[in-house]
Amino acid sequence: MNAVDRLSVFKTYKLYVGGKFPRSESGRVYEVTDSKGTWLANAPLASRKDARDAVVAARKAFGGWSGATAYNRGQILYRIAEMLEGRRDQFIAEVADAEGRSKSKAAAQVDAAIDRWVWYAGWSDKVAQIAGGANPVAGPYFNLSSPEPTGVVAVLAPQESSFLGLVSVIAPAIVTGNTVIAVASEDSPLPALSLAEVLATSDLPGGVVNILSGRTAELAAPLAAHQDVNAIDLAGADAGLAKELETAAADNLKRVLRPGTTDWTADPGTDRLLAFLETKTVWHPMGV
């Protein structure tokens, strides 16, 4: 058979929940197009039930992931970076289509995303040195503060940066021991859904990262109101939606990271690394 006689094998994109690849429970999909309006794929249109299932998966994974050593979490993030490097060409093509970039500019975005995974991996066993410490007290006690993960974090990925922005909000949350439900860019979800394939074949335990595609507002509402979600990152919400979600999140005192104007190519600093940490303070008698 000649190459011209072959039928193209189109890729079927699925959600990523609990380490598995389910279709949306509603059976819905939506068309994803490139910057010129050309059809690229059908992405699963996740429902509120999918969002709730993702929370269950994230909570189930939290104990094991937060209890792993910081060194082990760093190793796993570095392994993800290795695998992204191996699929670099695929992500360059997807980012170029999703964001209307030239191949060279898409390559710069993908390379920056891979480097960012490595950068956050390196912080895994060092963050305690900047977020904790020994506190001077008046009395025969040691007073020690140490950082601990907040818990289950819902993340609304940036809309305009489908891959670098996505990595920039997921990696800092999980490296410190949190588990994540990420809602991909509504118009450009394919790089996020391909990232799920990398996560599934890395050493990352199922449920640590769960990726949903669909309507951001539809999925964000149940996540913001969910009593078993401890924090929410509103990076991908517009001002109106962010206000509604902050109100819903207040019901169980979620930690909220508000959206802002962010240059995802800039040095990320440690703000997002520290955003979803709690501080545990221990008093210990000093032997005299």
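None of these values were measured; they are calculated from a predicted model.

**Things to note about unusual backbone geometry**
- A positive phi angle is found at Leu-253, which is not glycine, with a value near 60°.
- If you trace the backbone, Leu-253 turns up in the loop between helix H9 (239–249) and strand S9 (255–257).

**Some thoughts on the environment of Gly-132**
- Residue position: Gly-132 is located in the loop between helix H5 (127–131) and strand S3 (133–134).
- Gly-132 has contacts with Ser-145, Ser-146 and Pro-147, leaving out every residue within four places of it along the chain.

**A short note on the packing of aromatic side chains**
- As enumerated under the stated definition, the model contains 6 aromatic pairs in all.
- Ring geometry for Tyr-16 versus Phe-21: centroids 5.0 Å apart, planes at 35°, classification tilted.
- Here the aromatic rings of Trp-119 and Trp-123 are separated by 5.9 Å at their centres, their planes lie at 70°, and the arrangement is edge-to-face. Residue Trp-119 and its partner Trp-123 are both found in helix H4 (residues 103–123); the two are separated by 4 residues, about one turn of the helix.
- An aromatic cluster is defined as three or more aromatic residues linked by ring pairs; in this entry it consists of Trp-119, Tyr-120 and Trp-123.
- One Lys or Arg, Arg-215, reaches over the ring of Tyr-30 and ends 4.6 Å from the middle of that ring.

**Notes on the environment of Ala-217**
- Of note, Ala-217 is situated in helix H8 (residues 216–225).
- Residue Ala-217 is classed as partly exposed on the basis of its relative accessible area, which comes to 43%.
- Taking C-alpha positions, Ala-217 is 7.0 Å from Leu-241, a pair spaced 24 residues apart along the chain.

The rules behind each value
- Residues numbered from 1 in each chain as written.
- Predicted model: local features only at pLDDT ≥ 70, side-chain atom pairs only at ≥ 80, totals over all residues.
- Heavy atoms only, no water.
- Helix = DSSP H or I, 4+ residues; strand = E, 2+ residues; numbered from the N terminus.
- Contact = heavy atoms within 4.5 Å.
- Phe/Tyr/Trp six-rings, centres within 6.5 Å; stacked < 30°, edge-to-face > 60°.
- Lys NZ or Arg CZ within 6 Å of the ring centre and 35° of its normal.
- Buried < 20%, exposed > 50% of the residue type's maximum accessible area, 1.4 Å probe, protein only.

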